[in-house]
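Results of the structural survey
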Amino acid sequence: MNLRFGRLSLWFCLAGILLAGWPFIVRDDVAQQVAIFLFSGIMLYFIGVIFSVVAIVKKEAGKAKFFGLFFILFMALISIFGLLLLSFGIGGK
């Protein structure tokens, strides 16, 4: 069986992002256990990042292996931009 770690990385990262964001998308009465969804989503995402690193080390073909690592960079930049706006007082009173 030819195991493609890059594709596994993509699916685990997407599942982790969706599962971690699910309680913030639906109504409060539907998602009572926010901590369980959030923790499970974060763990799935980090499993995807580990698969991404394995795919990069094995030098697999394709670009799916970079999704988890680029999303970490994207979230860091969004957080820094949000903190920058917060420091200038934009978006708040």
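The next subject is the layout of surface pockets. In this structure, the largest pocket spans a volume of roughly 160 Å³. In terms of lining residues, the largest pocket is bounded by Gly16, Ile17, Ala20, Gly41, Ile42, Tyr45, Phe46, Phe71 and Met75. When residues of the lining of the largest pocket are traced back to their parent elements, those giving at least two are helix 1 (5-25), helix 2 (34-58) and helix 3 (67-88). Here the lining of the largest pocket gets four residues from one element, more than from any other, and that element is helix 2.

Attention shifts here to the packing of helix 1 against helix 3. Taken N-terminus to C-terminus, the directions of helix 1 and helix 3 make an angle of 40 degrees; their axes are 9 Å apart at the nearest point. In this structure, helix 1 uses Leu10, Cys13, Leu14 and Ile17 to contact helix 3, whose residues at the interface are Phe67, Gly68 and Phe71. When the residues that make up the contact of helix 1 with helix 3 are grouped by side-chain class, the tally is six nonpolar, one polar and no charged.

The rules behind the values
- Residues numbered from 1 in each chain as written.
- Predicted model: local features only at pLDDT ≥ 70, side-chain atom pairs only at ≥ 80, totals over all residues.
- Heavy atoms only, no water.
- 1 Å grid on protein atoms, 1.4 Å probe; cavity = no way out; pocket = protein on both sides within 12 Å on 5 of 7 lines; lining within 4 Å.
- Points joined across faces, edges and corners; volume = space filled by probe spheres on them.
- Helix = DSSP H or I, 4+ residues; strand = E, 2+ residues; numbered from the N terminus.
- Axes fitted to C-alpha atoms, helices over the stretch in contact; angles between N-to-C directions.
- Contact = heavy atoms within 4.5 Å.
- Nonpolar A, V, L, I, M, F, W, Y, C, P; charged D, E, K, R; others polar.

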